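Reading the structure
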Amino acid sequence: MAQHMNQERWEELVTSFLRVKDTCLMTGDEEAALAATLSNLSYCTSKLRIMYDHRQIHCVVDQCVSGIVSPKSSLVKQTSHLLASLLRWQSSTSLSSLTLDKVIAWLSSALKYHGRDLHDNETVHQILRALAAALRDAVDHSDEIYLSLAGTKGSLTLTLDSNSPWQNQALAMRCLHLLTYVAPEIVAESRQHNEEIFPAEVVSTIQRIVIGILRQPLPNPDLCSHKLYLHLVASALSVLYNLVVCAPNDILGNIIVSTCRPFVFYGLPGFAHSELVQHTASPEVEVPLSSGMESDSSSRNYTNRNRRKRLRRKRAQPSRSTSDCDSGPCPLVAAVDGMGLGLRVPPPAATLAATVSLKPQWAREKQTLKAEKDKISVNSSLAPETETSPETTSQDESTAEVRVSGSETDFSDFEGGGEKESTLMARARQCSLQAINAVIDKVGKQHKFSYWPPLMCQAPSLMTSVLKDPSASVRMASLQVINTFLLDSSQVLTHAVENEGKSYTTLGQQLGASLRELHRCLALALLSEKFPGALVRTLKTIELLVENVNYSKLKPGLLTKVVTHVKYFMKYKEAVVRANAFSVMVSVLMIKPQVAELRDLLMRYQIPAPPILTLPPQVMPPQFMEEELPEEEDEAEAQLKEQMERMNMLSEDEEEKTENNMHGKSVVSWLMQRCVDSLLTPDHDAVRGIYIQVQLQSLKVLSALVSEHLSIIQHNLPLIQHVISVCSEAVRELPHPRVSQIMSDSHKKFEVGEGFDPALMSPDPGVVVEHAYTLLGSLLGAVKADLDKGNEACTSVSQVQQLWFWALQGPLQILFKQSTGEQSGISVENMSSAGEPLQHNAANWRTQESVGALEHEEHLKQMVAVATVLTHLSPSIFESLGEEWITCIITTVRWLVTYSHPDLRLAGIRIMAIIVGFSGVVGNPGAVSLLQATVVTTCDLLAQRENNVNRDRLLASWALANISSVFEFYVDNWSHQYSSNSEILPPTLTARLLEVGIRACKDKDKIKPHGVRCVGNVTSFLHAQQVADSTLAPLVSKAIDTLVLCSSTGSNMKTRWNACHALGNILSSGQLPIASMPWKSQVLSTLGSLVESFKNYKVRIQACSAICGLRSREEFGSDYYGIWRVLLHGLDNAQNIIDYQEIRHRDELINQICQGICQLSTHITLEDAGSLCELLQLHHDMAMPLLIKAYHSLPPERTVHALKAHSRVEELLSYDALTESQQQALTILHSLTASPTST
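Some points on the overall build of the protein
When you go through the protein residue by residue, the secondary structure sums to 60 helices and two strands. Considering only residue pairs separated by 6 or more positions, the protein has 79% of its internal contacts joining residues 24 or more positions apart. Summed over its atoms, the accessible surface of the protein is roughly 56,300 Å², and 52% of this surface lies on carbon and sulfur atoms.

Here's the deal with the side chain of Asn580
Locating Asn580 in the fold gives a position in helix H27 (residues 575-589). Within polar-contact distance, the side chain of Asn580 engages the side chain of Lys540 at 3.4 Å.

A few points about empty space enclosed by the protein
The gaps left among the atoms become clear once a water-sized probe is rolled over them. All chains considered together, the criterion is met by nine cavities of 30 Å³ or more. In this structure, the largest cavity occupies an estimated 120 Å³ of space. Of all the elements in the fold, those that place two or more residues in the lining of the largest cavity are helix H57 (1146-1161), helix H58 (1166-1193), helix H59 (1200-1213) and helix H60 (1220-1233). Per-element tally for the lining of the largest cavity: the top contributor is H58, with four residues.

Remarks on the nonpolar core
With 346 residues, the main nonpolar core has Trp804, Leu812, Tyr970 and Trp1124 as its most contacted residues. Among the elements that take part in this core, helix H12 (residues 226-246) stands out by supplying 13 residues, more than any other. Once residues within four sequence positions are removed from consideration, Trp804 is found in contact with Leu780, Leu812, Val869, Leu870, His872, Leu873, Ile877 and Leu881.

Some thoughts on the environment of Gln1135
Along the polypeptide, Gln1135 turns up in the loop between helix H56 (1120-1133) and H57. The spatial distance from the C-alpha of Gln1135 to the C-alpha of Ile1150 is 8.6 Å, given a sequence separation of 15 residues. When near neighbours in sequence (up to four residues on either side) are disregarded, Gln1135 contacts Arg1146, Ile1150 and Leu1186.

Observations concerning the environment of His226
Mapped onto the elements, His226 comes out in helix H12. Along the chain, His226 and Glu421 lie 195 residues apart, while their C-alpha atoms are 7.7 Å from each other. A polar contact of 3.0 Å, which involves the side chain of His226, links it to the side chain of Tyr266. Among the polar contacts listed, one links the side chain of His226 to the side chain of Glu421, at a separation of 3.1 Å.

Quick look at the packing of helix H19 (residues 421-443) against helix H22 (residues 472-486)
Relative to each other, H19 and H22 sit at 10°, their axes nearing to 9 Å. Here H19 lies roughly parallel to H22, going by the angle between them. In this structure, H19 contributes Ala426, Arg429, Gln430, Leu433, Ile436, Asn437, Ile440 and Asp441 to the contact, and H22 contributes Ser473, Val474, Ala477, Ser478, Gln480, Val481, Thr484 and Phe485.

Things to note about the confidence of the model for the protein
For the protein, the average pLDDT comes to 76, and 73% of its residues sit at 70 or higher. This stretch, residues 826-855, has a pLDDT under 50; its non-local contacts, to residues over four places away or in other chains, come to 52 contacts.

Observations regarding the side chain of Thr157
Within the element layout of this structure, Thr157 appears in helix H8 (residues 155-161). Excluding anything up to four places from it in sequence, Thr157 contacts Leu149, Ala150, Gly151, Thr152, Thr205, Arg208 and Ile209.

Re H56
With 14 residues, H56 ought to run about 20 Å at 1.5 Å a step, and its terminal C-alpha atoms sit 21 Å apart, in line with that. Of all the residues in H56, the buried ones are Tyr1120, Ile1123, Trp1124, Val1126, Leu1127, Leu1128, Gly1130 and Leu1131. Its buried side turned inward, H56 meets helix H53 (1080-1093), helix H54 (1097-1107), helix H55 (1113-1116), H57, H58 and H60.

A look at the packing of aromatic side chains
Considering all chains together, one arrives at 13 aromatic pairs under this definition. When the centroid spacing of 6.1 Å and the interplanar angle of 40° are considered together, the rings of Phe265 and Phe271 count as tilted. On the basis of relative accessible area, Phe265 is assigned to the buried category, the value being 1%. One aromatic cluster in this structure is built from Tyr229, Phe263 and Tyr266. In this arrangement the basic side chain of Lys567 is found over the ring face of Tyr568, its NZ or CZ atom lying 4.2 Å from the centre.

Topic: the packing of H27 against helix H32 (residues 692-708)
Where H27 meets H32, the axes come as close as 8 Å, and the angle between the chain directions of the two elements is 15°. When the interaxial angle is binned, H27 and H32 end up roughly parallel. Our pair here, H27 against H32, has a crossing hand that is left-handed. Contacts from Ala575, Arg578, Ala579, Phe582, Ser583, Met585, Val586 and Leu589 in H27 reach Gln693, Val694, Gln697, Ser698, Lys700, Val701, Ala704, Leu705 and Glu708 in H32. Each residue belonging to the contact of H27 with H32 can be placed in one class, and the counts come to ten nonpolar, four polar and three charged.

Quick look at the pattern of salt bridges
This structure, assessed with the given rule, holds 17 salt bridges. As a salt-bridge pair, Arg136 and Asp137 come within 3.7 Å of each other at their nearest N and O atoms. Owing to a relative accessible area of 25%, Asp137 belongs among the partly exposed residues under this scheme. A salt bridge links Glu1211 to Arg1208, with the nearest nitrogen and oxygen atoms 3.6 Å apart. In this pair, Glu1211 and Arg1208 both sit in helix H59, three residues apart, roughly one turn of the helix.

Describing helix H6 (residues 121-137)
Here H6 spans 25 Å end to end across 17 residues, near enough to the 24 Å set by a 1.5 Å rise per residue. Along H6, 13 of the 17 residues are buried, which leaves the element largely enclosed by surrounding structure.

What about unusual backbone geometry?
The linkage connecting Ala459 with the following residue, Pro460, adopts the cis geometry, with an omega of -5°. Position of Pro460 among the secondary structure elements: in the loop between helix H20 (452-457) and helix H21 (462-468). A cis amide bond, omega -10°, links Lys592 with the succeeding residue Pro593. Structurally, Pro593 can be placed in the loop between H27 and helix H28 (596-604). The residue Asn194 is not glycine, and still its phi comes out positive at about 55°.

Some thoughts on a positive patch on the surface
The grouping of Lys72, Lys112, Arg116 and Lys153 at the surface amounts to a positive patch. Looking at the element boundaries, Lys112 is found in helix H5 (residues 97-114).

Definitions and limits used
Residues numbered from 1 in each chain as written. Predicted model: local features only at pLDDT ≥ 70, side-chain atom pairs only at ≥ 80, totals over all residues. Heavy atoms only, no water. Helix = DSSP H or I, 4+ residues; strand = E, 2+ residues; numbered from the N terminus. Contact = heavy atoms within 4.5 Å. Areas by Shrake-Rupley, 256 points an atom, 1.4 Å probe, with all protein chains shown as cover. Polar contact = N/O pair within 3.5 Å; in protein donor to acceptor, adjacent residues only side chain to side chain. 1 Å grid on protein atoms, 1.4 Å probe; cavity = no way out; pocket = protein on both sides within 12 Å on 5 of 7 lines; lining within 4 Å. Points joined across faces, edges and corners; volume = space filled by probe spheres on them. Core = buried A, V, L, I, M, F, W, Y, C linked by side-chain atoms within 4.5 Å. Buried < 20%, exposed > 50% of the residue type's maximum accessible area, 1.4 Å probe, protein only. Axes fitted to C-alpha atoms, helices over the stretch in contact; angles between N-to-C directions. Parallel < 35°, antiparallel > 145°, perpendicular 65-115°, else oblique. pLDDT = per-residue confidence, 0-100. Expected span 1.5 Å × (residues − 1). Phe/Tyr/Trp six-rings, centres within 6.5 Å; stacked < 30°, edge-to-face > 60°. Lys NZ or Arg CZ within 6 Å of the ring centre and 35° of its normal. Left-handed = near helix turned anticlockwise from the far one by under 90°. Nonpolar A, V, L, I, M, F, W, Y, C, P; charged D, E, K, R; others polar. Salt bridge = Lys/Arg side-chain N within 4 Å of Asp/Glu carboxyl O. Patch = residues over 30% accessible without salt bridge, like charges linked within 9 Å, V, L, I, M, F, W, Y side chains within 5 Å. Lys, Arg positive; Asp, Glu negative; His and termini not counted. Charge placed at Lys NZ, Arg CZ, Asp CG, Glu CD.

And the structure:
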C-alpha cells in the first residue's frame, strides 16, 4: 500500500515539474514551490523499492538541463541534488550520450558560476556530486567537454585552484578521475590512428593542478579529516595514471615519478610524509640496506589474490595490527633493534644469525608441527572452550574492524566511505605505484633506467615496500614496478660491476650494488613469506632478475643465495609455487655466460641414485625386440617405487649427510631428484596436488641441465632416459593395469574432505608428451654438439650411437609405426605390442577416442614433437645406423612430407632440410622421390601466402634454400636409376620452384634472404639446354633481375649479402655460357659498384668474391677493364672507414680485393696490358704495400692465383716487340704479383 502511494506521489511530482515552462517569470512563492518539488523528487528517488518509468526519468533529466532552470539560478542546488539522485542509481535509468553531454555541459556552466561564491559551498557540493554521477555513466567525451571542465578556464580547474573546502576538492578530483578514464578499446583505436585523446591544454592543466595538490603540505585535521585527504590523494594519483596511459607523449615523467614516490611509503611505520617529500626535492643516491629482522613472520602475515582479480574481489584484511596507523601517517622515528629499511649500515651479523634462518617460514613451522599438535591435544583436554589460536583471534579482530556502518563515517559521499584508514592508505600507496609503473613502462627500455637510482638506490627504495608494507596489493604493485625495470633489461644490467677500484662511483657500480641488495631483499621476502600468491610474484621477479643479470661481472655469492632459498619451494605444498620455483631454476641453469659458481652449486647437494637405473636401457636391433615378462616388469616397477619413496622422504639434513658417503656410487644432483619426484612418483604424499605445470617445468629443468651442463650429468643419462620413456608412454601405449590401480587408489585417498581434484593427478599427455620429446631432442642435440668438440668431448661416438638406437627403438617407435600403419592402411589403434589388444581404463592418460584418431589436434601436436627429434641427427651418426634404419627414417620423412596436416608437413620439411645433404640419404634409392615430394610440398606452402603465418613461410623458405643447394649431389643417383636424358626435377616443377623463389624475394625481410638463396641455387643448377627452353628462359631472366635488384637496393644487409652470393654461384657454376648471356654486363656492373664504394664491408667482400667466380677472359668480355678499375678504386677507399664497426672486416676486404686483382692478372693479354697502363701507374704506389701485406696474411691455398698471375706476366714479358705501354704495364704487374721473398 505504501509503495503504491509513493508511486502515485512520484507521478504527481513529475507531472507538476514537467508543467514548468520558464523560471525567469516566477514569483517568490512559485520558485519556493518548485524548489520543494525538486526536493521531494530527490527524496522519492532515494527509495530503491519504487519502480520508476524510465521515460519519465528521461523527461525529468531533460527538463532540468533544457533551459528551464538556468545555471545561474538559485534552484541549481535542488536541481543538482535531483540529478545526482537520478544518476547515482544505475539500475533505475540509462541515458543516451547526447543527454549526458547536455547534463555535463549544464553542470559545468553551473559550477563555473557558483564556484566563485565561497559562501555557497553546499551548492557546489551538490553540483560536483551530480557531475561525478554523469561522468561515471558517460563513455566518451568531446573536446569541448574536456576544455569546459579541465581546460585553463575549466570549471573543475577553477574549483581546485580556489580555496574551496576540502570535501569539494575531493569531489572535484574524483570528477577529474572519471573524466580522464577512457575505455581500453578507445585507447587502442586512438593509438592505431595516431590520434590524441585529450587536448594538449587539458593534459598540461590537469598535471599542474594534480601535482600541486599532491605536493602541498598535509592539511589541518580540523579542516580536513584524514580519510577525506586519503580519498583526495587516491583520486589524484589515479588521474596521473590515466594521463600516462592515455597521453604518454605529453606527460612529465620525471615530475610525476618524484611526486608519486613519497606516497609509496605513506603511512608505513618509520617514514614521515614530510621527510619523504624533502628527500624527493634533493635526492641522495645511495643503496638502502634493509635489516634481517624483516624476515619475522609477525610483520609479513598477509595474503594475496590474482592481480587481475584484486580490484574486483574483496581482499582479506591483513592480520597485522593497524593501531599505529589509525590516527594518520606515522612520524619518523628511530629504528629499534635494527628495524626499518632506512638504516645506512647493515645490521650486526649476530642479529642476522639470531633472526634469519635459511629455511622459509613454512619449512620452519613444519618442523615444529608435531610438537604444537601434542601441546594442543594436552591443552584441549584441560580447557577446550577457552583456548583459541592466535590466527583465529587475529581473524576475529579483523572481522570486527571491518564491520563499520557507513553512517558512522565522516565522508559517506564517497563509495567505500566506511573503509578503514589503513585500507585507504594502502589504496593511496597502490595508486602511486601504478602511476610510477605506467611512466616507466611508457618511456621504453632505452630510458627507463633513468628512474632506477631514485627508486632502487635511494632510501627508502621499492624493496622497502616489498618487505614492510602490510597490504598484499601494494607489495604486488611494488614487485610489478621492479618487474617492469627488469623486463628486457639485459643490455643495461650487463654493465653492472662491483669494486672497480675507482675514486668515484660509476653507473656500473651503482647497478652492481643495487643488484646485490635486490638479491638479498628478495631472498628475505621468500624466507618470511607463507602465502602462495605472494610467493609466486616474488619468484617471478627473481626469475626476471636471473635472466637479465650478467653474473660473470659480479662477485660470487648471488646465485648461491638464489638457489639456496628457491630450492625449498620446489617441494612446497602448493603446486603453483612449485612450478614457479622450477621455472626459476630453469633461468638459473640457462645463464649465459656460465659461471663456476653454478657448477659448484649443482654438485653440492647429492643423494644416492637408484641402483636399478645405474645401467643404460638395453638396445637391440628392432627385429630381435622381445617383450619383458610381466613378473619382471612388476618387480622393476616395485623397486623403482620403493627407491622413489625413499628419495622423497629424505629431509634436508639427510641430504647433507649423504654428501660424505658417496664413494663408489653413481649420484644424481639434488635438482634432478626434485624433477624425478615430480615426474615419476605415482602415489606418495609428496605428489599431492601436482598440477601439470609442475611436470612441464620439471621437464624444462632437465632440458636445461642436458643442454647446458652435459658434462655434469653425463653419468646420470640412464635416469633421464628412464624419465623420457615413462613420460612418452602416454603416446605409444596405455599404462599397465597395476599402474592404473595405483592411480585409482591415490584418487580415492584424496577425494574426500580435502578439496582435491583427482583429475590433477594424471599428467596430461597433450603437453607432457610434447615436453618429454623436447627433452629427448635436447639430449640428442647436446651430445651432437659435444661430439663436435673433438678431444674435449665428454661422450664417445659409441655412446651417442647407443643413445640413438635406444631412441629409435623406444620413444620414436610410435612415429615409425604410425607412418607404416598409414601407408599400409592400418591405424594405430589396431596395433598392439606382442599381438595383444589394447585395454582401456578410466584412469588412462589418453581416452579411447584420442588414441585411435590421428586427426585429433592433441595427437597431431605430439606427432610433431616426436618428429622434431629427428632434426638432431648428424651425418656420421646417421650413416652408422645401418641401411635398414636409414630406409625407415627416409620412409617416415616422406610420409610426413606428404601428410595432409600442415604441421606434420612442416615437421617433415624441417627434417629433410637438415638431412638432405647426408651421404646416407643421397645414396638411398628412395632419396630422389623424397627430394621431389619435399620440393612440391614446400612450394605449396610458400604459394599459399595468405593462408599461412609468417613462421610457416619462414621455415618453408629456409628449407627450400637448403634443399636447392644440394641438387647436384643427386645427379649421379638419378643417372644410375633412370636414363641420363631425364632431369631430376621436371621442367614444370623447376619453373614453379623459380616462381616461388622469386615471390619469396619480395616477401618480408626475414624470408627474403632464403628466397634469394633459393633462386641463386636453382639458377646455378640449370644448364644451357634448360635455360634455352621457352618455359624457363623468361623465368631465368626474371630471376637474374630479381637478384640484381636485391643486391643493389634495400636496407636488409643479409638479403644483399645472399644476393651477391647467389650471383657468384651462377657465375662460377660452369653450367651456363656466361660469355653469351645478355644479363652478364648488368650483373658485373652491379657487383662492381658494390665492391667500389658500398658502406657494408661484408657485402663488398661477397661481391668481390662473386666477380672472382668467372673462369676465363672470354667470360669477362668488354667488362674486363671496368672490373680492374672498380677493384683498384675499391682497394684505395677500403681504408676510408665511415662506420667504425666495419673496421673488423677491413683486412678481409683488402685481402679479397688483392686476390681478385691476382685472378684478373691470370687472364691478361697484351692488348689488355696496353689499355691498363695508365690505370696501373695511377694506383701502383697505393696497391703495392697492400698486396705485400695480403700475401703475408693469406693462407697458402689462397695464394695460388698470385703465383699463376706472376707466371702469366713473366710469359708475356718474354714476348718480342712489346709496346712501351705494354712493357710498363707488365712491369708493374710483375712487381705487384711477385712474392715478398722474391722482391
